[in-house]
Amino acid sequence: MKIVTYTDAWQQDLIDLWQACGLTRPWNDPAKDIQRKLTDNMGQLALMLDGDKLVASVMVGFDGHRGSVFYLAVLPAYQGRGCGKQLMQYCEEYLLQLGCPKLNLCVRDTNVMVLEFYQALGYEPDPVVLMGKRLIPDN
Ligand SMILES: CC(C)(COP(=O)(O)OP(=O)(O)OC[C@H]1O[C@@H](n2cnc3c(N)ncnc32)[C@H](O)[C@@H]1OP(=O)(O)O)[C@@H](O)C(=O)NCCC(=O)NCCS
């Protein structure tokens, strides 16, 4: 297994991975999400490969105050083997070398299994309400 930075040759495989992991939503165009992430100079879109097969992904970013993680996805056949943990460690090391003091992440409240995964890695719920406003509709 190795972790590499995204290039456009992986676009369709990455979208397929996100779909297989149930991460796509009608209001988020995954191709646009990928292209927007490539404009982020303080962030990275990282892929985990098994040989030449894409098996996992993560988006990491730093806004100068907090770090964030999105689109953490491990192909179902590869789940439970430490890939998610390894990618989260990769993100934490990436943010630490930028001097980022805290990583925040969002989990859909229906995604109970993932809450347990993050808690196993030392993450705790913060007493905040996430508020959002869509600025660019994708569809
Ligand atoms: C969530 C996800 C990334 C976890 O990846 P994974 O590779 O299966 O997890 P790992 O094998 O690395 O597990 C790491 C640790 O978390 C623990 N863990 C994983 N799932 C768990 C669960 N449901 N309950 C409790 N602990 C769990 C593991 O036991 C392991 O602990 P250990 O290191 O002590 O053995 C993966 O299940 C996934 O892609 N899910 C679908 C997409 C998704 O919901 N992404 C998150 C969006 S916020």
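Residues numbered from 1 in each chain as written. Predicted model: local features only at pLDDT ≥ 70, side-chain atom pairs only at ≥ 80, totals over all residues. Heavy atoms only, no water.

Caption draft 1: Here's a closer look at the site of the ligand. Inspection of the region around the ligand gives 20 residues, with Leu72, Val74, Gly80, Gly82 and Lys85 positioned closest. One nitrogen or oxygen atom from the main chain of Gly82 is found 2.8 Å from an oxygen atom belonging to the ligand. Burial of the ligand by the surrounding chains reaches 72%, relative to a free accessible area of 950 Å². For the shell around the ligand, the secondary-structure elements that each account for two or more residues are strand S4 (67–74), helix H3 (83–97) and helix H4 (112–120). For the shell around the ligand, the per-class residue count stands at twelve nonpolar, five polar and three charged. (Near = heavy atom within 4 Å. Polar contact = N/O pair within 3.5 Å; in protein donor to acceptor, adjacent residues only side chain to side chain. Areas by Shrake-Rupley, 256 points an atom, 1.4 Å probe, with all protein chains shown as cover. Helix = DSSP H or I, 4+ residues; strand = E, 2+ residues; numbered from the N terminus. Nonpolar A, V, L, I, M, F, W, Y, C, P; charged D, E, K, R; others polar.)

Caption draft 2: Spatial organisation of the packing of aromatic side chains. Taken as a whole and judged by the stated rule, the model has three aromatic pairs. Here the basic side chain of Arg81 rests over the ring of Tyr78, its NZ or CZ set 4.4 Å away from the ring centre. (Phe/Tyr/Trp six-rings, centres within 6.5 Å; stacked < 30°, edge-to-face > 60°. Lys NZ or Arg CZ within 6 Å of the ring centre and 35° of its normal.)

Caption draft 3: Representation of helix H1 (residues 11–20) in the model. Taken together, the buried positions of H1 are occupied by Leu14, Ile15, Leu17 and Trp18. In an axial view of H1, the angular spread of the buried residues amounts to 155°, which keeps them on one side of the axis. If you follow the buried residues of H1, they end up packed against helix H2 (30–37), strand S2 (44–50), strand S3 (53–62) and S4. (Buried < 20%, exposed > 50% of the residue type's maximum accessible area, 1.4 Å probe, protein only. Arc of directions from axis to C-beta. Contact = heavy atoms within 4.5 Å.)

Caption draft 4: Fine view of the sheet that holds strand S5 (residues 103–105). Pairing in this open sheet of five strands is mixed, and the strands run S1-S2-S3-S4-S5 from one edge to the other. With one partner strand each, in any of the chains shown, strand S1 (2–5) and S5 form the two edges of the open sheet. Sheet twist, expressed as the mean angle between neighbouring strand axes with direction ignored, is 30°. The pairing of S2 with S3 spans seven bridges and is classified as antiparallel. Across the sheet, residue Gln44 finds its bridge partner in S3, namely Val60. (Pairing = 2+ DSSP bridges. Axes fitted to C-alpha atoms, helices over the stretch in contact; angles between N-to-C directions.)

Caption draft 5: Seen up close, the pairing of S4. Counted residue by residue, S4 has six buried out of eight residues, so it is predominantly covered. Looking at chain direction, S4 and S5 are connected through three bridges and run parallel. Counted as the bridge partner of Val69 is Leu105 from S5. Taken together, S4, H3 and S5 form a β-α-β motif whose crossover is right-handed. (Right-handed = clockwise from strand over helix to strand, strands pointing away.)

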